[in-house]
Every structure is written in C-alpha cells, then in structure tokens.
Amino acid sequence: MERRHMLKTFVTWLAGAALPASSVLAAPPFPLKKTEAQWRAILSPAAYHVLFDHGTERAGSSPLDAEKRSGTFVCAACHQPLFDAATKYDSGTGWPSFWQPLPQVVGTSTDFKLIYPRTEYHCSRCGGHQGHIFNDGPKPTGQRYCNNGVALAFVPKDQALPALRT
C-alpha cells in the first residue's frame, strides 16, 4: 500500500511539473491589475521574467543579498512594502532571505516546477512572484523567505517609501 501511495504522489508531482507556471498559481483577484504590456513598460526584462513568468535569478547576482542597512524592501512591481530589513538575514544561499514578511502582504501557492512541491509566495497586491518559503530559517519563525532580489527594491530608513503604483 505504501508503494502505491508513493507512486500516486510521484505521478501527481510529475503532472504538476508539466503545467505552465501560470496554471500553477491559483489566480486570486489581485487588487492591482495591469496588462503584460503595461508591466513590461515599467519593469526591466529580468524583473518581469521573475515577477510574472515565475522565473528565478541566478544565485549571488543581486546586490540586495548584501544589503545590511535599516529600511524596507518593497515589491519591485507595485511598491507594496513586503519586508522590514530587521527580518533579513544571511542564509548563505545567494538570495536575499527573510524570516518573516510584513503582515498580510504575501500570498502563497504550490509550485511543482522542480517536480516536488514547494511553497511559492507572491505579492498580495499585484501577484508578482517573489520567491519560495522553506522551513530552514532562524528563530523565531524557523522560516526562510528566499526572495529574488530583482523582484524587490530597497528603501533606506531615512527615505520615504515610493507611492504605490496604480
């Protein structure tokens, strides 16, 4: 019986891996809606790829991984604040990592792109893909929000947050 369950689980994962990224995310109604052309006009190609094609930037490629100042990390697409810099830590992975987002600013879905299920998180305002959540982070949450740097912008504590995009 256990072997049968393992086979069923594997087939489910495999089927999920064959789905295009857009069908992996449940498409909740995000408050900010823009067309592909509108997003492409305001984002770099790399940011668009990560945020709306569910891509991943190369590890170690983001200067935000080394960012240590006080401030706020905002969604690169809509400018919604996502993380306080006080929750950032060096995970050693080459991506900016946080142990907790700000309240009610991220949503989650299951991603099967690597065959096994992972918890993907996205901006609750625009739906932009940010990264994945892993259970190997530090206390107090034990979680690691592993973020693509290109999906974020950093605002130092002494600067005003950008206006939310409309």
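Attention here is on the structure that accompanies the text. Note that this is a predicted model, so its numbers are computed, not measured.

**A short note on the overall build of the chain**
And then number 1: Looking only at helices and strands, the chain features four helices and nine strands.
And then number 2: The N-to-C order of helical and strand elements in the chain reads α-α-α-α-β-β-β-β-β-β-β-β-β.
And then number 3: A buried classification covers 43% of the 166 residues belonging to the chain.
And then number 4: Working note: accessible area of the chain is about 9,300 Å², and carbon and sulfur atoms make up 58% of it.

**Thoughts on the pattern of salt bridges**
And then number 1: Within this structure, the stated rule accounts for three salt bridges.
And then number 2: Notably, a salt bridge pairs E67 with R69, separated by 2.7 Å at the nearest N-O pair.
And then number 3: The class of R69 is partly exposed, set by a relative accessible area of 47%.
And then number 4: Of the charged contacts in the structure, one is a salt bridge between R144 and D136, with a shortest N-O distance of 2.8 Å.
And then number 5: Exposure remark for R144: the relative accessible area of 9% places this residue in the buried category.
And then number 6: Exposure remark for D136: the relative accessible area of 48% places this residue in the partly exposed category.

**Things to note about the sheet that holds strand β6 (residues 116-123)**
And then number 1: Pairing is antiparallel across the open sheet formed by six strands, whose spatial order is β3-β4-β8-β7-β6-β5. Edge positions in the open sheet fall to β3 (88-89) and β5 (106-114), since each of these has one partner strand only.
And then number 2: Pairing geometry for β5 and β6, over seven bridges, is antiparallel. In the strand pairing of β6, G107 is matched with H122.

**Observations regarding the nonpolar core**
And then number 1: W39, L51, F73, C75, F83 and C126 are the most contacted members of the largest nonpolar core, which totals 26 residues.
And then number 2: Where this core is concerned, the elements lending two or more residues are α4 (45-53), β1 (71-75), β2 (81-84), β6 and β9 (152-156).
And then number 3: By residue number, the principal contributor to this core is α4, which donates four residues.

**Considerations on α4**
And then number 1: Where α4 is concerned, the buried positions are A47, Y48, V50 and L51.
And then number 2: On the buried face of α4, the contacting elements are α3 (36-42), β1 and β7 (129-134).
And then number 3: At the exit of α4 stands H54, carrying a positive phi of roughly 60°.

**Describing unusual backbone geometry**
And then number 1: Cis peptide bonds are those with omega within 30 degrees of zero, and the linkage from K139 to P140 qualifies with 15°.
And then number 2: Relative to the helices and strands, P140 resides in the loop between β7 and β8 (144-147).
And then number 3: Its identity as a non-glycine residue notwithstanding, H79 has a phi of 75°, on the positive side.
And then number 4: Looking at the element boundaries, H79 is found in the loop between β1 and β2.
And then number 5: Non-glycine residue Q104 carries a positive phi angle of around 55°.
And then number 6: Checked against the element boundaries, Q104 lands in the loop between β4 (97-98) and β5.

**Regarding the side chain of S97**
And then number 1: Within the fold, S97 resides in strand β4.
And then number 2: Using a relative accessible area of 0% as the deciding quantity, one classes S97 as buried.
And then number 3: There is a polar contact of 2.9 Å between the side chain of S97 and the side chain of S91.
And then number 4: Polar contacts involving the side chain of S97 include one to the main-chain carbonyl oxygen of W95, which spans 3.2 Å.

So, how was this worked out
Residues numbered from 1 in each chain as written. Predicted model: local features only at pLDDT ≥ 70, side-chain atom pairs only at ≥ 80, totals over all residues. Heavy atoms only, no water. Helix = DSSP H or I, 4+ residues; strand = E, 2+ residues; numbered from the N terminus. Buried < 20%, exposed > 50% of the residue type's maximum accessible area, 1.4 Å probe, protein only. Areas by Shrake-Rupley, 256 points an atom, 1.4 Å probe, with all protein chains shown as cover. Salt bridge = Lys/Arg side-chain N within 4 Å of Asp/Glu carboxyl O. Pairing = 2+ DSSP bridges. Core = buried A, V, L, I, M, F, W, Y, C linked by side-chain atoms within 4.5 Å. Contact = heavy atoms within 4.5 Å. Polar contact = N/O pair within 3.5 Å; in protein donor to acceptor, adjacent residues only side chain to side chain.

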